[in-house]
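Coordinate inspection notes
Chain by chain, the residues:
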Amino acid sequence: GAVVSQHPSWVICKSGTSVKIECRSLDFQATTMFWYRQFPKQSLMLMATSNEGSKATYEQGVEKDKFLINHASLTLSTLTVTSAHPEDSSFYICSARDRTVWTEAFFGQGTRLTVV
Amino acid sequence: AQTVTQSQPEMSVQEAETVTLSCTYDTSESDYYLFWYKQPPSRQMILVIRQEAYKQQNATENRFSVNFQKAAKSFSLKISDSQLGDAAMYFCAYRPSDNFGNEKLTFGTGTRLTIIP
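Note that the coordinates shown come from a computational prediction; the quantities given were computed from them, not determined experimentally.

**Points about the state of the cysteines**
Simply put, the disulfide is a covalent bond whose two ends are the sulfur atoms of two cysteines. Within this structure, the stated rule accounts for two disulfides over all chains. One disulfide bridge connects Cys23(A) with Cys94(A), the sulfur atoms lying 2.0 Å from each other. The disulfide joining Cys23(A) to Cys94(A) has a torsion of about 80 degrees about its S-S bond and is therefore right-handed. Residue Cys23(A) is found in strand S3 (residues 19-25), and its partner Cys94(A) is found in strand S9 (residues 90-97); the two are separated by 71 residues along the sequence. Each member of the pair Cys23(A) and Cys94(A) is classed as buried. The residue that forms a disulfide with Cys23(B) is Cys92(B), at a sulfur-sulfur distance of 2.0 Å. Across the S-S bond of Cys23(B) and Cys92(B) the torsion is about -70 degrees, and the bridge reads as left-handed. A residue pair is termed long-range when its members are at least 10 positions apart, and Cys23(B) in the loop between strand S3 (19-21) and strand S4 (24-26) and Cys92(B) in strand S10 (residues 88-96) qualify at 69 residues. Comparing Cys23(B) with Cys92(B) shows no difference in burial state: the two are buried. The cysteine Cys13(A) is free of any disulfide, with Cys94(A) supplying the nearest cysteine sulfur at 18 Å.

See below:
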């Protein structure tokens, strides 16, 4: 399968600061990228979907001004958590798909964000 | 809206034995995809198996096989000859067929599988 690299694996930031998480498709062009949030012992909740050449589509209840998603190129998407607060602490996972080639999307290894 | 239900929060199986994880889903679509993902302690999501709804034949991948019952909207995963490395959280997921802009995965709540040595 294809490889999706997510960076950093973990990050600790102070309350009120912003943190950026990168998601890269290493060996394919990601026409669609997805960002998920996962709370401990819970399932993955989709935050937003971004397709090549268009802005991200956010799920209901997700603050687009707080969680900025940029599908900068066909191999890179970034999630910026702005003005982070302790309640934003969570595990964030990206996935990417070249929908012209594969049925499934491939997942990054996730980022554990802790806001102190 | 599509929903995916996994009614078994936890399951355990003796090493080398067989275990079946249950999944049901609700959709009004006739064409879609179903997946089982494994999330080990590393939390990396790993695709275990995929089933296209238009295919009647159940998918198999080595020790992993599914029982896909379209009319009943059931999609169970059978793991044969369980190994210690199979211990993980297993998520069932649904995705509509290709429809640009509407291809998101809907996940179940997961089943935590423990392998007993």
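Resuming the write-up.
**Overview of the interface of chain A and chain B**
Taken together, the contacts link 22 residues of chain A with 21 residues of chain B. Both faces considered, chain A and chain B share a buried interface measuring about 1800 Å² in area, 50% of it formed by carbon and sulfur atoms. Taken as a group, Thr103(A), Glu104(A) and Phe107(A) account for 28% of the area that chain A buries against chain B, more than any other trio of residues on that side. Remark: the boundary between chain A and chain B carries seven residue pairs in polar contact (both at pLDDT 80 or more). Where the side of chain A that touches chain B is concerned, the elements lending two or more residues are strand S4 (32-38), strand S5 (44-51) and S9 of chain A. The greatest single-element share of the side of chain A that touches chain B, amounting to four residues, is contributed by S4(A). In terms of residue class, the side of chain A that touches chain B is made up of nine nonpolar, eight polar and five charged.

**Focus on the pattern of salt bridges**
Counted under the stated rule, the structure contains eight salt bridges over all chains. Between Glu22(A) and Arg24(A) there is a salt bridge, with the nearest N and O atoms lying 3.5 Å from each other. Residue classification places Glu22(A) among the partly exposed residues on the basis of a relative accessible area of 25%. On the basis of relative accessibility, which here comes to 36%, the residue Arg24(A) falls in the partly exposed class. A salt bridge links Lys66(A) to Asp88(A), with the shortest nitrogen-to-oxygen separation between them at 2.9 Å. One end of the pair, Lys66(A), is in the loop between strand S6 (57-58) and strand S7 (67-73); the other, Asp88(A), is in the loop between strand S8 (76-81) and S9, with 22 residues separating them in the sequence. Grouping residues by exposure puts Lys66(A) and Asp88(A) together as buried. Among the charged side chains, a network of salt bridges with common partners joins Glu104(A), Arg50(B), Glu52(B) and Lys55(B).

**Some details on the sheet that holds strand S1 (residues 4-7) of chain A**
Residue and element names in this part refer to chain A. Across the sheet, four strands lie side by side as S1-S3-S8-S7; this open sheet has antiparallel pairing. This sheet does not close on itself; its edge strands, each paired only once, are S1 and S7. Along the sheet, successive strands turn relative to each other by an average axial angle of 15 degrees, direction set aside. With four bridges joining them, S1 and S3 adopt antiparallel strand pairing. Note that in S3 the partner of Gln6 across the bridge is Cys23.

Cut-offs applied
Residues numbered from 1 in each chain as written. Chains lettered and ligands numbered in written order. Predicted model: local features only at pLDDT ≥ 70, side-chain atom pairs only at ≥ 80, totals over all residues. Heavy atoms only, no water. Disulfide = S-S within 2.5 Å. Helix = DSSP H or I, 4+ residues; strand = E, 2+ residues; numbered from the N terminus. Buried < 20%, exposed > 50% of the residue type's maximum accessible area, 1.4 Å probe, protein only. Contact = heavy atoms within 4.5 Å. Buried area = accessible area lost by both parts, 1.4 Å probe. Polar contact = N/O pair within 3.5 Å; in protein donor to acceptor, adjacent residues only side chain to side chain. Nonpolar A, V, L, I, M, F, W, Y, C, P; charged D, E, K, R; others polar. Salt bridge = Lys/Arg side-chain N within 4 Å of Asp/Glu carboxyl O. Pairing = 2+ DSSP bridges. Axes fitted to C-alpha atoms, helices over the stretch in contact; angles between N-to-C directions.

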